[in-house]
Amino acid sequence: MNTSQHGSNNITTRVALLRQQHENTFFQEQEKEVRELDPKTVDFKKYSDLPIARVKRIMKGDEDVNMVSSEVPVILGEACKIFIHDVCKQAWFKTSLEKRKNLQRNDIKEIIETTEQFDFLVDVFDGTIEAEKLEAKQKHQLAQLDQAKKA
């Protein structure tokens, strides 16, 4: 085994250990935070970090959804926040082990591809990348056409 393969396996093992430690504490911390909220004093419509109107609009975008009660977008927004935090924290483990300071798309992609609970995102993530590449290619072609017309 060459040095780069050994280093890669070492990082993968360390990331797996950090993920396991993270899973043991992350959801316990989230549950504790939710249980400490006092429903009498917290205005849940203002509590969420995600824009509740956008969450509600996305929910209503589904043709099977006719009406949405006011509590549901708040709860779903909180669930989304926890989910995003979990994905990013796991990707950050990989980033920090590689001694980088910036989280990159590939870090998130690797977490999605290597974590069973995120399997449902593999096709979505790949489709997003392909769509962005296609959009960039189309913009480049349009710019070339504009330059050709000006010449």
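Definitions and limits used
- Residues numbered from 1 in each chain as written.
- Predicted model: local features only at pLDDT ≥ 70, side-chain atom pairs only at ≥ 80, totals over all residues.
- Heavy atoms only, no water.
- Helix = DSSP H or I, 4+ residues; strand = E, 2+ residues; numbered from the N terminus.
- Buried < 20%, exposed > 50% of the residue type's maximum accessible area, 1.4 Å probe, protein only.
- Contact = heavy atoms within 4.5 Å.
- Areas by Shrake-Rupley, 256 points an atom, 1.4 Å probe, with all protein chains shown as cover.
- Axes fitted to C-alpha atoms, helices over the stretch in contact; angles between N-to-C directions.
- Parallel < 35°, antiparallel > 145°, perpendicular 65-115°, else oblique.
- Left-handed = near helix turned anticlockwise from the far one by under 90°.
- Nonpolar A, V, L, I, M, F, W, Y, C, P; charged D, E, K, R; others polar.
- Salt bridge = Lys/Arg side-chain N within 4 Å of Asp/Glu carboxyl O.

Draft legend 1. Examining the overall build of the chain more closely. Secondary structure summary: the chain contains six helices and zero strands in total. Moving toward the C terminus, one meets the helices and strands of the chain in the order α-α-α-α-α-α. The buried share of the chain, reckoned over its 151 residues, is 21%. At a minimum sequence separation of 6, the contacts of the chain that also span at least 24 residues come to 50%. Of the roughly 11600 Å² that the chain leaves accessible, carbon and sulfur atoms contribute 55%.

Draft legend 2. Just the packing of helix α4 (residues 71-97) against helix α5 (residues 105-114), in detail. Two elements in contact, α4 and α5, have axes whose closest approach is 9 Å; the angle formed by their N-to-C orientations is 110 degrees. Looking at the two axes, α4 sits roughly perpendicular to α5. As for the relative orientation of α4 and α5, their crossing is right-handed in sense. Packed against α4, whose contacting residues are Val-87, Gln-90, Ala-91, Lys-94 and Thr-95, the element α5 presents Asp-107, Ile-108, Glu-110 and Ile-111 at the interface. For the contact of α4 with α5, the residue count by class is four nonpolar, two polar and three charged.

Draft legend 3. Examining the pattern of salt bridges more closely. Under the counting rule described, the total for this entry stands at seven salt bridges. Residues Arg-100 and Asp-107 are paired through a salt bridge, measuring 2.6 Å at the closest nitrogen-oxygen approach. Taking the relative accessible area as the measure of exposure, Asp-107 reaches 1% and is therefore buried. Among the ionic pairs, Lys-109 bridges to Glu-113, the shortest N-O distance being 3.8 Å. Linking Lys-109 with Glu-113, this pair stays in helix α5, spanning four residues, or about one helical turn. The class of Lys-109 is partly exposed, set by a relative accessible area of 24%. Residues joined in a network through salt bridges with shared partners are Lys-94, Glu-98, Arg-100, Asp-107 and Glu-110.

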